[in-house]
Amino acid sequence: GESVGLHLPTLSVQEGDNSIINCAYSNSASDYFIWYKQESGKGPQFIIDIRSNMDKRQGQRVTVLLNKTVKHLSLQIAATQPGDSAVYFCAEARPGYSTLTFGKGTMLLVSP
Amino acid sequence: NAGVTQTPKFQVLKTGQSMTLQCAQDMNHEYMSWYRQDPGMGLRLIHYSVGAGITDQGEVPNGYNVSRSTTEDFPLRLLSAAPSQTSVYFCASKRQFNSNQPQHFGDGTRLSIL
């Protein structure tokens, strides 16, 4: 989803559905990308990462897709569960830079 | 291992007061950083450190000081708190500063400036 002002874009799904969260990153020189999950009252938690020499990477129930041509990153969550409800952030890093740049986040709401 | 530990979890200050937010990691990580998180703004980098004795400014450094006298600790100081500094502050670390690795985050300090 695209960020709009002060309100987080929200994706609402039913339990068991597959979820897709999108992120447009800013710098074509970025070579490392991370997805984080943030539950209410907690710090961001690492989910999965991908380097720019890859198009796809799979973890447990999660897949990250990278399209460098259009500077787009997506996180796919299979068989979404209520425990997946959280805010999801993408982050990017440039070669030679130690810092991360974060996107504004997408809220995922999973109803039973 | 405790990971990244932040104290306090909550704090209320009056305008003009000073305070230090503590951050400690027990993973022997080289790199540590401070972010603030505001609604609709995502996480913005305040200051970071690539090793003991070395610090640098991030995207929003004004009003904040840091120091890194040990590998484990990276305190963030507000010298004269302003209402605009009301936010949630997160500390993070990673093993090597120049490697493609995820950062590990603490659970944050929720700071309100009245």
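Quick caveat: nothing in here was measured; it's all calculated off a predicted structure.

Q: Tell me about the pairing of strand E3 (residues 19-25) of chain B, residues and numbers included.
A: For a regular strand, side chains alternate in direction, first toward one face of the sheet and then toward the other. Residues and elements named next belong to chain B. Only one face of E3 is buried, namely the one carrying Met19, Leu21, Cys23 and Gln25, since none of Thr20, Gln22 and Ala24 on the opposite face is buried. Here E3 pairs with strand E8 (residues 76-78) via 3 bridges, running antiparallel. For Met19, the partnering residue across the bridge sits in E8 and is Leu78.

Q: Describe the pattern of salt bridges, listing the residues and the values that go with them.
A: All names here are of chain B. A full pass over the atoms with the stated rule returns 6 salt bridges over all chains. Across the pair Arg44 and Asp38 runs a salt bridge whose closest N-O atoms are separated by 2.9 Å. A relative accessible area of 12% places Asp38 in the buried class. Sharing partners across several salt bridges, the network here consists of Arg36, Asp38 and Arg44.

Q: Account for the confidence of the model for chain A, naming residues and giving values.
A: Mean pLDDT over chain A: 90, with 94% of residues reaching 70 or higher. The model gives residues 1-6 of chain A a pLDDT under 50, and that stretch makes 9 contacts with residues more than four places away or in other chains.

Q: Please provide a residue-by-residue account of the interface of chain B and chain A, values included.
A: Accessible area lost on assembly of the parts is the figure often given for the size of an interface. The interface of chain B with chain A comprises 22 residues on the first partner and 21 residues on the second. A combined buried area of about 1700 Å² lies between chain B and chain A, and 55% of that area is made up of carbon and sulfur atoms. At the junction of chain B with chain A, the criterion picks out 0 salt bridges. Inspection of the region where chain B meets chain A yields 5 residue pairs in polar contact (both at pLDDT 80 or more). Where the side of chain B that touches chain A is concerned, the elements lending two or more residues are strand E4 (31-38), strand E5 (42-51) and strand E9 (87-94) of chain B. Considering each element in turn, the side of chain B that touches chain A owes the most residues, 5 residues, to E5(B).

The rules behind the values
Residues numbered from 1 in each chain as written. Chains lettered and ligands numbered in written order. Predicted model: local features only at pLDDT ≥ 70, side-chain atom pairs only at ≥ 80, totals over all residues. Heavy atoms only, no water. Buried < 20%, exposed > 50% of the residue type's maximum accessible area, 1.4 Å probe, protein only. Helix = DSSP H or I, 4+ residues; strand = E, 2+ residues; numbered from the N terminus. Pairing = 2+ DSSP bridges. Salt bridge = Lys/Arg side-chain N within 4 Å of Asp/Glu carboxyl O. pLDDT = per-residue confidence, 0-100. Contact = heavy atoms within 4.5 Å. Buried area = accessible area lost by both parts, 1.4 Å probe. Polar contact = N/O pair within 3.5 Å; in protein donor to acceptor, adjacent residues only side chain to side chain.

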